[in-house]
Amino acid sequence: MKKIMAILGLFWAFGSMAQTANNDSWKKIYRETPVKINDLVHTKLDASFDYSKSYLNGKVWLTLKPHFYATDTLQLDAKGMNIHTVELVSAGKNTKLTYTYDSLFLTIKLNKTYQKDEKYTIYIDYTAKPNEFKTEGSAAITDAKGLYFINPTGADKKKPTQIWTQGETEGTSVWVPTIDRPNQKCTNEFNLTVPAKYVTLSNGKLAAQVKNADGTRTDSWKMELPHSPYLFFIGVGEYAVVKDTYKGKEVNYYVEKDYEKVARKIFGLTPEMMQFFSEKVTGVEYPWNKYSQIVGREYVSGAMENTTATLHQESAQQDARELVDGNSWEGTVAHELFHQWFGDYVTAESWSNITVNESFADYSQLLWEEYKYGADAAGFEQYKEMQSYLGSGSGAKDLVRFYYHDKEDVFDQVSYQKGGRILHMLRNYVGDKAFFASLNKYLTTNKFGNGNAHKLRLAFEEVTGKDLNWFFNQWYFGNGHPKLEINYAYDSAAHIANVYVKQSQTGDKVFKLPMAIDIYYGAQKTRHQVWANNKADTFSFAAATKPDLINVDGDKILLSDKRDNKTLAEFIHQYTYAGKYLDRREALDFASKKMSDPTAYQLHVKALSDPYERIRAKAIQGLSLAKTIDEATYTKIAAIAKNDPKRIVRSDAIDLLAKSKKSSYKDLYLSACNDSSYSVAGAGLVALSTVDSVAAYKLALDLAKQPSKGRLTAAISNVIIEYGDESAYDYIMNNFKSLPLSQEKFSVVSSVGEFLAKITNQQKFEQGVDEIVKFRDEIPAQIKVQTDPFINNMILKGLATKKEKAGAKAMADYVNSKIPTKK
């Protein structure tokens, strides 16, 4: 599952802080792999849907067998259902069975004691009522009711009617009785009866469609290879189905009809990814008989790797202008696809071991970037994901976590981003050929079964012949990361270059770190492989003269919080000759703090011509810190703003030009406002407001009449809020209301509060306040602990204060009535 949840981009770490509350009794509860008493063999489901009540009416036939020990009892997960009938199916006859049901577990007394491998089939007639089942989600999955009816009665004419399911972690048992554990696997057959105007999607292949006399249609989906219940999927709605193919297998993209023409631009690299992951990475051909991707409104996570049927949140649907800036969803497409191997084909045996699913999916994003776009793109992915982990405050958690408060808690930056960075170090240590051969060994050994970190280690050890207990004990079954301080000294008398590596992390833990140290004279590099094994290590190298640069961790693979005490001259040499993305970024980061030094300034000017767009953007951002920018540099920046092939770089260049407040760039800004890129157009509009606010406001009103998204929408709103008046109310509030629960909506709520301070109409004012309050109350509970104080204290109280000072007591009182009083 890809974690790009609503609002979570900013508050994931806060959510993880809130998970444990004040009760730490969980620290004594060992989370074992679920005990197997019965094994699922096959699930056959007949399902129809009551849209008026948001119910699923189901008839399910479960075929099972005892795992090893004989048993006369079956316990199923069945959450919040009405159970109508429970029967044994044998010899063509159904026999009623006795059972107990407590709204969570359905415990069935079988007709006899069944022996190992003796199959039996249970029939259950039931009604699933997901909206009436109350449960909590997590920072990773903001709800956990399993089955979701979106706009089921069609009351909202601007929103499609959809049904979709979310099984992970144990939500499938809200809509079908099952043994809802990741170490269960079975085949399945789902017969879905829906209004004929809708299309359906489920696991496996569509085997048959039958039109019914009542205006419905029954679609039969068959999954002939075993997978875990949390990967079961049902999707229903009005979709355009864009068809693709990979080696004769169906590859389909289910999108809302407005996005049919751009579906291939969003998902169209999928067949190439399938080939890459099959042939270059795993050595295992894509194992399933089809692969479809579907977009769901109001989805509670980022995306989910249901076997053969991945579900994406609506952010995946980007229009043509958004895609000019680049497909923001491409990494997620790769992530979920790679799960079809790591997660679906071989599944973590328990939530404690979820990293053997998620770290690989996370790392697949880097592998794809490296293959498709080159080393710099992979380097940026490595840096971005490492920073996500390092900034999360999650260092005290083990990667494999046998102790946790709730199973949802393991879906965090440790299981994902840290795990991905650990795989990157493992790949570097064993070498590419051995790394990919080990992935193949792990997959083929455990195919259609379950995996864990021990099995992963054994696969790597069998391939490489190396004892890797030290690596797995340190990184998989331990926590934290090294905090490194690196210093250098040259002994001119002894002709020795010394490197001092100190591990300054708290506690007694010392990390064992194999790494490369590169010594440079000009462009000539000499590499030394070393191991840091102590709290403080000294590495000494013969050097006839002082090196121009000593580059510790030459491959830039170490997961660490690092302070590298180089000089500016050494960092400039690193930028020029070391060459990796992180080498150049580190140099610019250091130089940006020394912008009064002409050599630091010139490094940024040089980086404006870097071949990689994110380094060019980094150089522009660094130049914004300079006290003065000379005309020659402005000329270069203006050229970038007009002509750079990457729109993100052009928009950053426009932002920097805007800070100059030079009216000579007005025509450039006006041209940018008409660019096909939302980012460039948004930057152009904001820049225009710095030199001609009247023209910017007029243009913003015109642009507000046209469809917009992203930065352009924000720019229009900001210009109208700053320079407009009450007449812009409808645009501002309708735009705010139309935004989904998301980081984008959170980012604009403050501006909306500022705009409401201008409103004099009491009714409109109250409606605007209500929209802010509605947004506040929709934020998931585990994140509200951080967002509520900001919205209540900064926005609402600030708004009330402004209205009180303006003499608008009724408005101030209304706002105050919406702020909860402290208990």
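Residues numbered from 1 in each chain as written. Predicted model: local features only at pLDDT ≥ 70, side-chain atom pairs only at ≥ 80, totals over all residues. Heavy atoms only, no water.

A. Representation of the packing of aromatic side chains within the structure. Applying the stated criterion to the full structure yields 48 aromatic pairs. With a centroid separation of 6.0 Å and 40 degrees between ring planes, the pair formed by Tyr-51 and Tyr-198 is classed as tilted. Here Tyr-51 is found in the loop between β1 (38–50) and β2 (55–66), whereas its partner Tyr-198 is found in the loop between β11 (186–195) and β12 (199–202), with 147 residues between them in sequence. Residue classification places Tyr-198 among the buried residues on the basis of a relative accessible area of 7%. Ring geometry for Phe-342 against Phe-360: centres 4.0 Å apart, planes inclined by 15 degrees, an arrangement best described as stacked. (Phe/Tyr/Trp six-rings, centres within 6.5 Å; stacked < 30°, edge-to-face > 60°. Helix = DSSP H or I, 4+ residues; strand = E, 2+ residues; numbered from the N terminus. Buried < 20%, exposed > 50% of the residue type's maximum accessible area, 1.4 Å probe, protein only.)

B. Local environment of the sheet that holds strand β7 (residues 105–114). Spatially, 3 strands are ordered β3-β7-β6 in an open sheet, and the strand pairing comes out antiparallel. This sheet does not close on itself; its edge strands, each paired only once, are β3 (71–77) and β6 (99–101). Taking each pair of neighbouring strands and ignoring which way they run, the sheet shows an average axis angle of 20 degrees. In this structure, β3 lies alongside β7, joined through 6 bridges in antiparallel fashion. Opposite Leu-74, over in β7, you have Ile-108 as the bridge partner. (Pairing = 2+ DSSP bridges. Axes fitted to C-alpha atoms, helices over the stretch in contact; angles between N-to-C directions.)

C. Region of interest: the sheet that holds strand β9 (residues 147–150). Spatially, β9-β10-β15-β12 is the arrangement adopted by the 4 strands of the open sheet, whose pairing is antiparallel. Strands at the two margins of the open sheet, each flanked by one partner only, are β9 and β12. Sheet twist, expressed as the mean angle between neighbouring strand axes with direction ignored, is 15 degrees. By the bridge criterion, 3 bridges tie strand β10 (residues 162–165) to strand β15 (residues 234–237) in an arrangement that is antiparallel. Within the sheet, the bridge partner assigned to Trp-164 lies in β15 and is Gly-235.

D. Examining the packing of helix α23 (residues 743–756) against helix α24 (residues 762–778) more closely. At their nearest, the axes of α23 and α24 sit 11 Å apart, and the two run at 160 degrees to each other. Comparing their axes, α24 and α23 come out roughly antiparallel. The interaxial crossing formed by α23 with α24 has left-handed handedness. Residue-level contacts link Lys-745, Phe-746, Val-749, Val-752, Gly-753 and Leu-756 of α23 to Phe-765, Gly-768, Val-769, Ile-772 and Phe-775 of α24. (Parallel < 35°, antiparallel > 145°, perpendicular 65-115°, else oblique. Left-handed = near helix turned anticlockwise from the far one by under 90°. Contact = heavy atoms within 4.5 Å.)

E. Focus on the side chain of Thr-161. For Thr-161, the location among the structural elements is in the loop between β9 and β10. Given a relative accessible area of 14%, Thr-161 falls into the buried group. Looking at Thr-161, its side chain comes within polar contact range of the main-chain oxygen of Asn-151, at 2.7 Å. Setting aside residues up to four positions removed in sequence, Thr-161 forms contacts with Tyr-51, Ile-150, Asn-151, Pro-152, Gly-154, Tyr-198, Val-236, Gly-237 and Glu-238. (Polar contact = N/O pair within 3.5 Å; in protein donor to acceptor, adjacent residues only side chain to side chain.)

F. Up close: the pattern of salt bridges. Going through the model one piece at a time under the given rule, you end up with 48 salt bridges. For Lys-709, the salt bridge is made with Glu-322, and the minimal N-O distance between the two is 3.1 Å. Residue Lys-709 is located in the loop between α20 (693–703) and α21 (710–723), and its partner Glu-322 is located in helix α4 (residues 320–324); the two are separated by 387 residues in the primary sequence. Between Asp-412 and Arg-401 there is a salt bridge, with the nearest N and O atoms lying 2.8 Å from each other. On the criterion of sequence distance, the pair formed by Asp-412 in the loop between α7 (375–390) and α8 (414–430) and Arg-401 in the loop between α7 and α8 is long-range, its members being 11 residues apart. Just as Asp-412 is buried, Arg-401 falls in that class too. (Salt bridge = Lys/Arg side-chain N within 4 Å of Asp/Glu carboxyl O.)

G. Representation of the packing of helix α3 (residues 270–282) against helix α9 (residues 432–445) within the structure. Their axes nearest at 8 Å, the elements α3 and α9 cross at an angle of 110 degrees. One finds that α3 runs roughly perpendicular with respect to α9. In this structure, α3 uses Lys-280, Val-281 and Thr-282 to contact α9, whose residues at the interface are Phe-436, Leu-439, Asn-440 and Leu-443. For the contact of α3 with α9, the residue count by class is 4 nonpolar, 2 polar and 1 charged. (Nonpolar A, V, L, I, M, F, W, Y, C, P; charged D, E, K, R; others polar.)

H. Here's a closer look at the side chain of Asn-327. Locating Asn-327 in the fold gives a position in the loop between α4 and α5 (330–339). In this structure the side chain of Asn-327 is engaged in a polar contact, spanning 3.5 Å, whose partner is the backbone oxygen of Lys-265.

I. Examining the confidence of the model for the chain more closely. On average, residues of the chain score 95 in pLDDT, and 96% of them are at 70 or above. Taken as a whole, residues 4–21 scores under 50 in pLDDT and shows 51 contacts with residues more than four places along the chain or in a different chain. (pLDDT = per-residue confidence, 0-100.)

J. Main features of helix α12 (residues 568–578). Within the span of α12, buried status applies to Leu-568, Glu-570, Phe-571, His-573, Gln-574, Tyr-575 and Ala-578. In the core, the buried residues of α12 are packed alongside β25 (513–521), β28 (549–552), β29 (561–564), α13 (581–591), α14 (598–607) and α15 (613–623).

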